[in-house]
Amino acid sequence: MNESLLSYVVTLSAFAFFVVCPRLGAMTNLLNKQAPFSIYWLVILGTFASIPLLILMTWMIRHWGLMAGLGLAVATDLAAAVILTSVSTKVAVETFIIALFVVAGNRIATWIGSTFL
């Protein structure tokens with residue numbers, strides 16, 4: 001396998017592993033409790049519905065930087081919390097709290113990385 005192809009495979013694999021993250025697991029679990037259909041349909045249809053948002057986030061990161069992309073991510077989390085309020089206030093609040101921890105974790109990780117490494 002040539003070096004370029006290996007780099008391609010490694011990068012795509014890393015992205016796939018990042019997408020399947022603890023936060024996504026937590027959110028899938030929360031939504032599964034409220035979904036009136038199979039968790040598998042939730043994951044499949046939700047993945048397809050997220051593609052335009054992923055592309056928009058990527059475009060924003062490339063043009064305006066990481067904080068712009070994270071801003072969109074937080075906005076989509078807030079939108080999810082607002083939408084979920086009609087189904088369950090508890091799930092909406094949990095969604096909002098998870099979003100806050102993700103943003104805080106990103107800031108702390110960046111600070112630790114730049115300070116100690």
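The preceding data block contains the structure.
In this report, the structure presented in the accompanying data block is examined. These figures come from a predicted structure and were not determined experimentally.

This part covers the overall build of the chain. Looking only at helices and strands, one finds 5 helices and 0 strands in the chain. Beginning at the N terminus, the succession of helices and strands in the chain can be written as α-α-α-α-α. When the backbone C-alpha atoms are referred to their principal axes, the chain occupies close to 50 × 35 × 25 Å. Looking at the chain as a whole, 15% of its 117 residues qualify as buried. As presented, the chain carries roughly 8,800 Å² of accessible surface, and 76% of it is formed by carbon and sulfur atoms.

Our next topic: the environment of G25. By the secondary structure assignment, G25 is in helix α2 (residues 22-34). Residue G25 is classed as partly exposed on the basis of its relative accessible area, which comes to 41%. Expressed as a C-alpha distance, the spacing of G25 and F15, which sit 10 residues apart in the sequence, is 16 Å.

With that out of the way, let us pick up the nonpolar core. M27, L30, A81, L84, V91, A92 and I98 together form the largest nonpolar core, which totals 7 residues. Of all the elements in the fold, those that place two or more residues in this core are α2, α4 (66-85) and α5 (89-116). In terms of residue count, the dominant contributor to this core is α5 (3 residues). In this structure L30 touches V91, E94, T95 and I98, once residues within four positions along its chain are discounted.

The subject of this paragraph is the packing of helix α3 (residues 39-64) against α4. Running from N to C, α3 and α4 point in directions that differ by 150 degrees, and their axes come no closer than 6 Å. The angle between the axes of α3 and α4 places the two elements in the roughly antiparallel class. Across from L53, L56, M57, M60, I61 and W64 in α3, the residues of α4 making contact are L66, A68, G69, L72 and T76. Looking at the contact of α3 with α4 residue by residue, the class counts come to 9 nonpolar, 2 polar and no charged.

What follows deals with the packing of aromatic side chains. A full pass over the atoms with the stated rule returns 2 aromatic pairs. Ring plane angle 85 degrees and centroid distance 6.0 Å describe the contact between W111 and F116, whose orientation is recorded as edge-to-face.

Definitions and cut-offs
- Residues numbered from 1 in each chain as written.
- Predicted model: local features only at pLDDT ≥ 70, side-chain atom pairs only at ≥ 80, totals over all residues.
- Heavy atoms only, no water.
- Helix = DSSP H or I, 4+ residues; strand = E, 2+ residues; numbered from the N terminus.
- Buried < 20%, exposed > 50% of the residue type's maximum accessible area, 1.4 Å probe, protein only.
- Areas by Shrake-Rupley, 256 points an atom, 1.4 Å probe, with all protein chains shown as cover.
- Core = buried A, V, L, I, M, F, W, Y, C linked by side-chain atoms within 4.5 Å.
- Contact = heavy atoms within 4.5 Å.
- Axes fitted to C-alpha atoms, helices over the stretch in contact; angles between N-to-C directions.
- Parallel < 35°, antiparallel > 145°, perpendicular 65-115°, else oblique.
- Nonpolar A, V, L, I, M, F, W, Y, C, P; charged D, E, K, R; others polar.
- Phe/Tyr/Trp six-rings, centres within 6.5 Å; stacked < 30°, edge-to-face > 60°.

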